[in-house]
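So you can see what is in the structure, the chains are spelled out below.
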Amino acid sequence: QVQLVESGGGLVEAGGSLRLSCAASGEIGSIYTMGWFRQAPGKEREFVSAIVRNGGTTYYANSVKGRFTISRDNNKNTMYLQMNSLKPEDTAIYYCAARSGTPVTAHTLYNYWGQGTQVTVSS
(Lines give C-alpha, C1' and ligand atoms only; values in the text may rest on other atoms or scores of the structure.)
Protein backbone atom coordinates (compact mmCIF):
# COMPACT_ATOMS: atom_id res chain seq x y z
CA GLN A 1 0.00 0.00 0.00
CA VAL A 2 0.99 3.60 -0.62
CA GLN A 3 -0.14 6.58 1.41
CA LEU A 4 -0.25 10.07 -0.09
CA VAL A 5 -0.66 13.33 1.83
CA GLU A 6 -1.09 16.68 0.10
CA SER A 7 -0.35 20.09 1.55
CA GLY A 8 0.09 23.66 0.38
CA GLY A 9 -3.37 24.66 -0.76
CA GLY A 10 -4.97 27.95 0.19
CA LEU A 11 -6.53 31.18 -0.97
CA VAL A 12 -4.66 33.36 -3.43
CA GLU A 13 -5.50 36.27 -5.70
CA ALA A 14 -5.55 35.87 -9.45
CA GLY A 15 -2.03 36.10 -10.83
CA GLY A 16 -0.54 34.72 -7.64
CA SER A 17 1.34 31.50 -6.95
CA LEU A 18 1.06 28.43 -4.76
CA ARG A 19 3.16 25.30 -4.35
CA LEU A 20 1.50 22.02 -3.56
CA SER A 21 3.36 19.11 -2.02
CA CYS A 22 2.52 15.42 -1.94
CA ALA A 23 4.39 13.23 0.53
CA ALA A 24 4.40 9.51 -0.21
CA SER A 25 4.99 6.66 2.21
CA GLY A 26 4.60 2.90 2.26
CA GLU A 27 5.50 0.69 -0.72
CA ILE A 28 7.00 3.55 -2.68
CA GLY A 29 9.16 1.28 -4.80
CA SER A 30 6.03 0.10 -6.59
CA ILE A 31 5.24 3.59 -7.86
CA TYR A 32 6.35 4.73 -11.32
CA THR A 33 4.00 7.59 -12.07
CA MET A 34 2.75 10.32 -9.77
CA GLY A 35 0.26 12.92 -10.82
CA TRP A 36 -2.02 15.77 -9.90
CA PHE A 37 -5.71 15.93 -10.59
CA ARG A 38 -8.30 18.53 -9.66
CA GLN A 39 -12.02 18.65 -9.21
CA ALA A 40 -14.15 21.77 -9.15
CA PRO A 41 -17.69 21.75 -7.73
CA GLY A 42 -20.10 20.07 -10.12
CA LYS A 43 -17.35 19.01 -12.50
CA GLU A 44 -15.53 15.80 -13.30
CA ARG A 45 -12.11 15.12 -11.83
CA GLU A 46 -9.57 16.23 -14.44
CA PHE A 47 -5.92 15.54 -15.14
CA VAL A 48 -3.50 18.36 -14.37
CA SER A 49 0.02 16.95 -14.58
CA ALA A 50 2.10 13.79 -14.18
CA ILE A 51 5.73 12.84 -13.71
CA VAL A 52 7.63 9.58 -13.96
CA ARG A 53 9.94 8.07 -11.35
CA ASN A 54 13.20 9.68 -12.44
CA GLY A 55 11.52 13.01 -13.08
CA GLY A 56 12.77 13.05 -16.63
CA THR A 57 9.39 13.05 -18.31
CA THR A 58 6.50 15.31 -17.42
CA TYR A 59 3.00 15.80 -18.78
CA TYR A 60 0.59 18.71 -18.50
CA ALA A 61 -2.98 19.49 -19.36
CA ASN A 62 -3.21 22.21 -21.99
CA SER A 63 -5.03 24.44 -19.53
CA VAL A 64 -2.01 24.62 -17.19
CA LYS A 65 0.89 24.26 -19.60
CA GLY A 66 3.36 27.11 -19.19
CA ARG A 67 1.95 28.09 -15.79
CA PHE A 68 2.35 24.95 -13.66
CA THR A 69 5.53 22.95 -13.08
CA ILE A 70 5.61 19.43 -11.64
CA SER A 71 8.68 18.02 -9.95
CA ARG A 72 9.65 15.09 -7.80
CA ASP A 73 12.28 14.63 -5.07
CA ASN A 74 12.77 10.90 -4.65
CA ASN A 75 15.12 11.43 -1.70
CA LYS A 76 12.24 13.02 0.17
CA ASN A 77 9.54 10.85 -1.41
CA THR A 78 7.74 14.05 -2.29
CA MET A 79 6.16 15.47 -5.42
CA TYR A 80 5.49 19.15 -5.99
CA LEU A 81 3.27 21.29 -8.17
CA GLN A 82 4.39 24.88 -8.57
CA MET A 83 1.42 26.90 -9.76
CA ASN A 84 2.05 30.37 -11.16
CA SER A 85 -0.21 32.93 -12.83
CA LEU A 86 -3.21 31.37 -11.14
CA LYS A 87 -6.65 32.05 -12.55
CA PRO A 88 -10.09 31.82 -10.90
CA GLU A 89 -10.80 28.79 -13.10
CA ASP A 90 -7.96 26.97 -11.33
CA THR A 91 -10.12 26.88 -8.19
CA ALA A 92 -10.65 23.25 -7.21
CA ILE A 93 -9.67 20.51 -4.82
CA TYR A 94 -6.30 19.23 -5.95
CA TYR A 95 -5.52 15.56 -5.50
CA CYS A 96 -2.23 13.72 -5.58
CA ALA A 97 -2.33 10.30 -7.24
CA ALA A 98 0.06 7.45 -7.99
CA ARG A 99 0.20 4.32 -10.10
CA SER A 100 2.71 1.61 -10.94
CA GLY A 101 2.28 1.99 -14.69
CA THR A 102 3.17 4.65 -17.22
CA PRO A 103 1.51 8.07 -17.15
CA VAL A 104 -2.12 8.26 -18.20
CA THR A 105 -4.70 11.02 -17.92
CA ALA A 106 -7.62 8.84 -16.81
CA HIS A 107 -8.09 9.21 -13.07
CA THR A 108 -9.72 5.78 -12.85
CA LEU A 109 -6.37 4.17 -13.68
CA TYR A 110 -4.56 5.55 -10.64
CA ASN A 111 -4.42 3.21 -7.67
CA TYR A 112 -3.55 5.55 -4.84
CA TRP A 113 -5.00 8.92 -3.84
CA GLY A 114 -4.45 11.61 -1.28
CA GLN A 115 -7.22 13.32 0.62
CA GLY A 116 -7.05 16.50 -1.47
CA THR A 117 -6.16 20.11 -0.75
CA GLN A 118 -8.34 23.11 -1.58
CA VAL A 119 -7.02 25.80 -3.90
CA THR A 120 -9.13 28.93 -4.23
CA VAL A 121 -8.19 31.73 -6.61
CA SER A 122 -10.07 35.00 -6.16
CA SER A 123 -10.64 37.41 -9.01
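See above for the structure.
As a starting point, this report considers the structure included with it. (Residues numbered from 1 in each chain as written. Predicted model: local features only at pLDDT ≥ 70, side-chain atom pairs only at ≥ 80, totals over all residues. Heavy atoms only, no water.)

Let's talk about the pairing of strand S8 (residues 78-83)
Here's step 1: For S8, the tally of buried residues reaches five of six residues, placing the bulk of the element in the interior.
Here's step 2: Pairing of strand S3 (residues 18-26) with S8, which is carried by six bridges, proceeds in the antiparallel orientation. The partner of Leu-18 across the bridge, within S8, is Met-83.
Here's step 3: Sheet analysis places strand S7 (residues 68-73) next to S8, joined by six bridges and oriented antiparallel. Paired with Thr-69 across the strands is Gln-82, a residue of S8.
Here's step 4: Hairpin remark: S7 followed by S8, antiparallel, with four residues in the connecting loop; positive phi at Asn-77, about 55°. (Buried < 20%, exposed > 50% of the residue type's maximum accessible area, 1.4 Å probe, protein only. Helix = DSSP H or I, 4+ residues; strand = E, 2+ residues; numbered from the N terminus. Pairing = 2+ DSSP bridges.)

With respect to the side chain of Arg-72
Here's step 1: As for its placement among the helices and strands, Arg-72 is situated in strand S7.
Here's step 2: In this structure Arg-72 is buried but unpaired, with Asp-73 as the nearest side chain of opposite charge at 8.9 Å.
Here's step 3: A polar side-chain atom of Arg-72 sits 3.5 Å from the main-chain carbonyl oxygen of Ile-51.
Here's step 4: At 3.2 Å, the side chain of Arg-72 and the backbone oxygen of Val-52 are in polar contact. (Lys, Arg positive; Asp, Glu negative; His and termini not counted. Salt bridge = Lys/Arg side-chain N within 4 Å of Asp/Glu carboxyl O. Polar contact = N/O pair within 3.5 Å; in protein donor to acceptor, adjacent residues only side chain to side chain.)

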